[in-house]
Amino acid sequence: MIIVLKDRITDSEVKTIKTYIAKTGARIHESEGKEKKILGIIGDLRDLDQMALEAFPGVAKVIRILEPYKLASRNFHPKSTIVTVKNVRFGDLEPVIIAGPCSVETEEQIWDIARTMSKKGVHVLRGGVFKPRSSPYAFQGIGKIGAEWLQEAGKSNNLPVVSEVMEISDIDLLYDYIDIFQVGARNMQHFKLLKALGKTDKPIFLKRGISATLSEFLMSAEYILSEGNDQIILCERGIRTFVEFSRNTFDLNIVPMIKNVSHLPIVIDPSHATGRTDLIIPVSLGGLVAGADGLMVEVHPRPYEAYSDGNQSLNYDQMNELLDDWAAIRESVIGLRKKKQKDIEQNVSNYSG
Ligand code: PEP
Ligand code: MN
């Protein structure tokens, strides 16, 4: 439930409303936008009477939210959330480019990639050190030492770094080394992990599960939000379909859909979505035109030697091509984003899926 307050409501009127709500045991999240002040009410709302709330002085209107996700919904928070990591802003007009290897392999490898990506104008460095592999016999990641190399390589090249945590104990292990915690597709519904991440003060890069619906995806974000961490970046990384020519199917639809129903930024990952280097560039450009707040791609100096996902990693020349193509349309895309931003924030759609 959302209570939209009148512009000139007094502090004591707000207090009266909050006391009334608190008596029912529901929780209150205050949100103050430029134009509207909103109280978001979550919890068991059976004892809250919409008509009674509307009668309180200072209340403009009361809206029941149909979506199962509340804090993640744009109804609750019409203004787009901007997630800030050092000098990078996810959800602002400039789409953020994240690049790096699937796995951190050696110190030399991650330094070479960091230096090269930084020179090309990439904003964030990625690299897995704990790898969720489909086979127990496949490379499982280099472990904590890889996070130390990643941190050093990122720091020296002015790139914030993102790496995956697979279990709760990884959070403490990686906390001092990385700037963004990634939750992989296979862990999107690892609810205890999500709750633990909700208690941290670092941004979370939450990947969509391979068969997750929009609501399930946003409910996972809700787990993190409900623990107090609102620095969430969503990531569309492809879903499982009947299509056999690509590893997964990139769900372009979800990009504008998320922008409609949620205030959280959404990044696309065409490497995992396609599993093929020949599809990464066109899919990247399509996703950015459709409104993605950023792009994550796997890059390796010699993909044929990669410990994991070489078949979906761009080499440096291919990365140049992607960035050149992006540069050719970047200004028009940013212009379009500027034009659409207000529309998105004012015409919030409802989807209760
Ligand atoms: C990754 O980004 O390295 C990864 C394992 O991705 P996903 O969880 O989307 O498969
Ligand atoms: Mn990978």
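Reading the values: rules and limits
- Residues numbered from 1 in each chain as written.
- Chains lettered and ligands numbered in written order.
- Predicted model: local features only at pLDDT ≥ 70, side-chain atom pairs only at ≥ 80, totals over all residues.
- Heavy atoms only, no water.
- Phe/Tyr/Trp six-rings, centres within 6.5 Å; stacked < 30°, edge-to-face > 60°.
- Helix = DSSP H or I, 4+ residues; strand = E, 2+ residues; numbered from the N terminus.
- Buried < 20%, exposed > 50% of the residue type's maximum accessible area, 1.4 Å probe, protein only.
- Donors = N, O, S within 2.8 Å, 3.2 Å for Na, K, Ca; no water.
- Near = heavy atom within 4 Å.
- Polar contact = N/O pair within 3.5 Å; in protein donor to acceptor, adjacent residues only side chain to side chain.
- Nonpolar A, V, L, I, M, F, W, Y, C, P; charged D, E, K, R; others polar.
- Pairing = 2+ DSSP bridges.
- Axes fitted to C-alpha atoms, helices over the stretch in contact; angles between N-to-C directions.
- Core = buried A, V, L, I, M, F, W, Y, C linked by side-chain atoms within 4.5 Å.
- Expected span 1.5 Å × (residues − 1).
- 1 Å grid on protein atoms, 1.4 Å probe; cavity = no way out; pocket = protein on both sides within 12 Å on 5 of 7 lines; lining within 4 Å.
- Points joined across faces, edges and corners; volume = space filled by probe spheres on them.
- Parallel < 35°, antiparallel > 145°, perpendicular 65-115°, else oblique.
- Left-handed = near helix turned anticlockwise from the far one by under 90°.
- Contact = heavy atoms within 4.5 Å.

Caption draft 1: Summary view of the packing of aromatic side chains. Tallying each qualifying case throughout the model produces four aromatic pairs. Taking 6.4 Å as the distance between ring centres and 45° as the angle between the ring planes, the aromatic pair formed by Tyr175 and Phe181 counts as tilted. Ring centres of Phe191 and Tyr223 lie 4.5 Å apart, and the angle between their planes is 25°; on these two criteria the pair is classed as stacked. With a gap of 32 residues between them, Phe191 in helix 6 (residues 191-198) and Tyr223 in helix 7 (residues 214-226) connect regions that are remote in the sequence. A residue is classified by how much of its surface remains accessible, and Phe191, at 33% relative accessible area, is partly exposed.

Caption draft 2: Spatial organisation of the coordination of the manganese ion (ligand 2). At the metal site, the manganese ion (ligand 2) is ligated by Cys102 (SG), His272 (NE2), Glu298 (OE) and Asp309 (OD), and these contacts range over 2.0 to 2.4 Å. Mapping the donors of the manganese ion (ligand 2) onto the primary sequence yields the spacing C-x169-H-x25-E-x10-D. Taken together, the positions of Cys102 in the loop between strand 7 (96-100) and helix 3 (107-119) and Glu298 in strand 14 (residues 294-298) put the pair 196 residues apart, joining distant regions of the chain. Summarising the burial analysis for this pair, Cys102 and Glu298 share the class buried.

Caption draft 3: Expanded view of the site of ligand 1. In the vicinity of ligand 1, the residues found are Arg126, Lys131, Pro132, Glu164, Gln182, Gly184, Ala185, Arg186, Lys207, Arg237, His272 and Glu298. One of the side-chain N or O atoms of Gln182 is found 2.9 Å from an oxygen atom in ligand 1. A distance of 2.8 Å separates an oxygen atom of ligand 1 from a polar backbone atom of Ala185. A per-class count over the shell around ligand 1 returns two nonpolar, three polar and seven charged.

Caption draft 4: How the structure looks around the pairing of strand 3 (residues 37-42). In terms of burial, strand 3 is largely enclosed, as five of its six residues are buried. Note: strand 1 (residues 2-5) against strand 3, four bridges, orientation antiparallel. Directly across from Leu5, in strand 3, lies its bridge partner Lys37. One ladder, built from six bridges, connects strand 2 (residues 27-32) with strand 3; its direction is antiparallel.

Caption draft 5: Broad picture of the environment of Glu108. Residue position: Glu108 is located in helix 3. Judged by relative accessible area, which is 57%, Glu108 ranks as exposed. Along the backbone, Glu108 and Glu148 are 40 residues apart, and their C-alpha atoms lie at a distance of 13 Å.

Caption draft 6: Quick look at the sheet that holds strand 7. Spatial strand order, 7-8-9-10-11-12-13-14: eight strands in a closed barrel with parallel pairing. This sheet shows a mean twist of 25° between the axes of neighbouring strands, independent of strand direction. Bridge count for strand 9 (residues 161-164) against strand 10 (residues 180-183) is three bridges, and the pairing is parallel. When the bridges of strand 10 are listed, Val162 appears paired with Ile180.

Caption draft 7: Just the nonpolar core, in detail. Formed by 74 residues in total, the largest nonpolar core has its most connected members in Leu125, Leu206, Leu234 and Met319. Ile17, Leu39, Ile41 and Leu48 belong to the second largest nonpolar core, which has 16 residues in total.

Caption draft 8: Layout of helix 3. With 13 residues, helix 3 should cover 18 Å at 1.5 Å per step; its first-to-last C-alpha distance of 18 Å lies within 8% of that length. The set of residues buried in helix 3 consists of Gln109, Ile110, Ile113, Ala114, Thr116 and Met117. Gly121, located one to two residues past helix 3, shows a positive phi value of around 90°.

Caption draft 9: Focus on the layout of surface pockets. The space that makes up the second largest pocket amounts to roughly 290 Å³. Along the walls of the second largest pocket sit 18 residues, with Ala290, Gly291, Arg337, Lys340 and Ile344 positioned nearest its centre. Contributing elements (two or more residues each) for the lining of the second largest pocket: helix 8 (254-261), helix 10 (277-289) and helix 11 (316-346). Of the residues forming the lining of the second largest pocket, the biggest block, seven residues, is contributed by helix 11. Of the residues that constitute the lining of the second largest pocket, the class distribution is eight nonpolar, four polar and six charged.

Caption draft 10: Structural context of the packing of helix 3 against helix 4 (residues 144-156). One way to put it is that helix 3 packs onto helix 4 with a least axis distance of 9 Å and a crossing angle of 25°. The orientation of helix 3 with respect to helix 4, classified from their angle, is roughly parallel. Judged by the twist between their axes, the crossing of helix 3 over helix 4 is right-handed. Across from Glu107, Ile110, Trp111 and Ala114 in helix 3, the residues of helix 4 making contact are Trp149, Leu150, Glu152, Ala153 and Ser156. Of the residues that constitute the contact of helix 3 with helix 4, the class distribution is six nonpolar, one polar and two charged.

By themselves, these are just geometric observations and shouldn't be taken as functional.
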